[in-house]
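The residues making up each chain are set out below.
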Amino acid sequence: MTPHGLLELATTLAHDAGTLAFEGRKAGLNDVGTKSTTTDMVTEYDRASERLIVDRLRTLRPNDAIIGEEGASVSGSSGIEWCIDPIDGTTNFTYALPNWAVSIGVADSEGPLVGVVHIPPLGETFTAIRGEGARLNDYPISCSTTSEISQALVCTGFSYAAHQRTIQSARVARMIHEVRDIRRFGAASIDMCYVACGRLDAYFEENLHPWDIAAGALIAREAGCRLGDFHGGPLHPAESLVTTPLVFDALSAMIQRASAPTDNN
Ligand code: IPD
Ligand code: CA
Ligand code: CA
């Protein structure tokens, strides 16, 4: 299957799983549980969305590997791996806030190949194929041209573990006066897509998982963003920094300054 064929399949799966979850949410939630901490929620629609995607892939692409947040773990022989976040932004989904997405990334031996982030309540689908640019609802997108960190609208996220949030929020408090403003929308895949299309100038978060970044990072890269960790290395789930290129170095330095121990900690 060509990359375009994989993108078409990933988009169909994201739309169908998104419709299932969105319609189900309107009918009401019956089963809201927790996972790693009491604030890390999971609903019946996180599981149903992943089940729909995995069942279809097992039929249509039986030799592909699959990994999903809600437990999917299938090995494959084709060299293609699917990485699924069936609902990214479950807290927003649970509260009927619109910022949640179905995120599907497809990788081959060279890395991320195809990405789809579909946001059902907004009717927005971000897509990318490696080397072919990024799109929003089929229109090409690119990141902002902001060059001054003081003018940058910066988004971040907070981990589910309380002790990590304390550290992360203290860091943000040390940075907020040096940037235009800070946002926390609650879905990592969407945050990266918002940098990709210029709705944000930068995004950083730590302690993410592969499914949080599998699609969004490719979409951001293809839209012209610069990606990395906080210290100049390559981006990885444990440390993700995604910016319009000209503010990357300043924000990376700012995060490191704001993370340094002070007399109070
Ligand atoms: C979470 C969201 C959130 C981020 C968390 C993620 P989930 O994913 O992307 O924005 O701050 O770190 O775990 O649990 O809603 O799929
Ligand atoms: Ca997620
Ligand atoms: Ca999720």
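Computed from a prediction, not measured in an experiment: that's the story for all the values here.

Calculation rules
Residues numbered from 1 in each chain as written. Chains lettered and ligands numbered in written order. Predicted model: local features only at pLDDT ≥ 70, side-chain atom pairs only at ≥ 80, totals over all residues. Heavy atoms only, no water. Donors = N, O, S within 2.8 Å, 3.2 Å for Na, K, Ca; no water. Helix = DSSP H or I, 4+ residues; strand = E, 2+ residues; numbered from the N terminus. Pairing = 2+ DSSP bridges. Axes fitted to C-alpha atoms, helices over the stretch in contact; angles between N-to-C directions. Near = heavy atom within 4 Å. Polar contact = N/O pair within 3.5 Å; in protein donor to acceptor, adjacent residues only side chain to side chain. Areas by Shrake-Rupley, 256 points an atom, 1.4 Å probe, with all protein chains shown as cover. 1 Å grid on protein atoms, 1.4 Å probe; cavity = no way out; pocket = protein on both sides within 12 Å on 5 of 7 lines; lining within 4 Å. Sits in = over half its atoms within 2 Å of the grid points. Nonpolar A, V, L, I, M, F, W, Y, C, P; charged D, E, K, R; others polar. Domains from an automatic or database assignment. Points joined across faces, edges and corners; volume = space filled by probe spheres on them. Parallel < 35°, antiparallel > 145°, perpendicular 65-115°, else oblique. Left-handed = near helix turned anticlockwise from the far one by under 90°. Contact = heavy atoms within 4.5 Å.

Looking at the calcium ion (ligand 3), one finds its protein donor set to be Glu69 (OE), Asp85 (OD) and Ile87 (O), positioned 2.1 to 2.3 Å from the metal centre. Within one chain, the residues serving as donors to the calcium ion (ligand 3) are arranged as E-x15-D-x1-I. Between the calcium ion (ligand 3) and the calcium ion (ligand 2) the interatomic distance amounts to 3.8 Å, and aspartate 85 serves as a bridging ligand to the pair. Of this pair, glutamate 69 sits in the loop between strand E3 (65–68) and strand E4 (73–74) while aspartate 85 is found in strand E5 (residues 81–88), placing the two residues 16 residues apart along the sequence.

A few words on the sheet that holds strand E11 (residues 153–156). The strand order E12-E11-E13-E15-E14 describes an open sheet built from five strands, whose pairing is mixed. Only two strands of the sheet have a single partner each, and these edge strands are strand E12 (181–183) and strand E14 (226–228). Taking the axes of each pair of neighbouring strands and ignoring which way they run, one obtains an average angle of 15° across the sheet. Pairing of E14 with strand E15 (residues 239–243), which is carried by three bridges, proceeds in the antiparallel orientation. From the neighbouring strand, leucine 227 faces E15, where its bridge partner is valine 242.

Attention now goes to the site of ligand 1. In the vicinity of ligand 1 lie 16 residues, with Asp88, Gly89, Tyr160, Ala188 and Glu205 positioned nearest. Glycine 89 has a polar backbone atom sitting 2.8 Å from an oxygen atom of ligand 1. Between ligand 1 and tyrosine 160, the relevant distance is 2.7 Å, taken from an oxygen atom to a side-chain nitrogen or oxygen of the residue. Compared with its free state, where it exposes 380 Å², ligand 1 has 95% of that area covered by protein. In this structure the site holding ligand 1 corresponds to the largest pocket. At three residues, the largest contribution of residues to the shell around ligand 1 is made by E5. Residue composition of the shell around ligand 1, grouped by class: six nonpolar, four polar and six charged. When residues are assigned to domains, the shell around ligand 1 turns out to be shared by domain 1 (3–137) and domain 2 (149–259), each giving three or more.

A word on the layout of surface pockets. What the largest pocket holds in volume is close to 600 Å³. In terms of lining residues, the largest pocket is bounded by 34 residues, among which Asp40, Phe158, Tyr160, Glu205 and Asp212 are the most central. Those elements that place two or more of their residues in the lining of the largest pocket are E5, helix H3 (90–94), helix H4 (162–175), strand E13 (202–206) and helix H6 (210–213). Two domains each put at least three residues into the lining of the largest pocket: domain 1 (3–137) and domain 2 (149–259). In this structure, the second largest pocket occupies an estimated 360 Å³ of space. Of all elements in the fold, only E5, strand E6 (101–108), strand E7 (111–119), H6 and helix H7 (216–222) reach the threshold of two or more residues within the lining of the second largest pocket.

Closest axis-to-axis distance for the helix H1 (residues 3–27)/helix H2 (residues 44–60) pair is 9 Å, and the angle between their directions is 150°. With respect to their mutual orientation, H1 and H2 come out roughly antiparallel. Considering the relative orientation of H1 and H2, their crossing is right-handed. Within the contact between the two elements, H1 uses Leu9, Leu13, Asp16, Ala17, Leu20, Ala21, Gly24 and Arg25 and H2 uses Tyr45, Ala48, Ser49, Leu52, Ile53, Arg56, Leu57 and Leu60. Across the contact of H1 with H2, the residue classes break down as eleven nonpolar, two polar and three charged.

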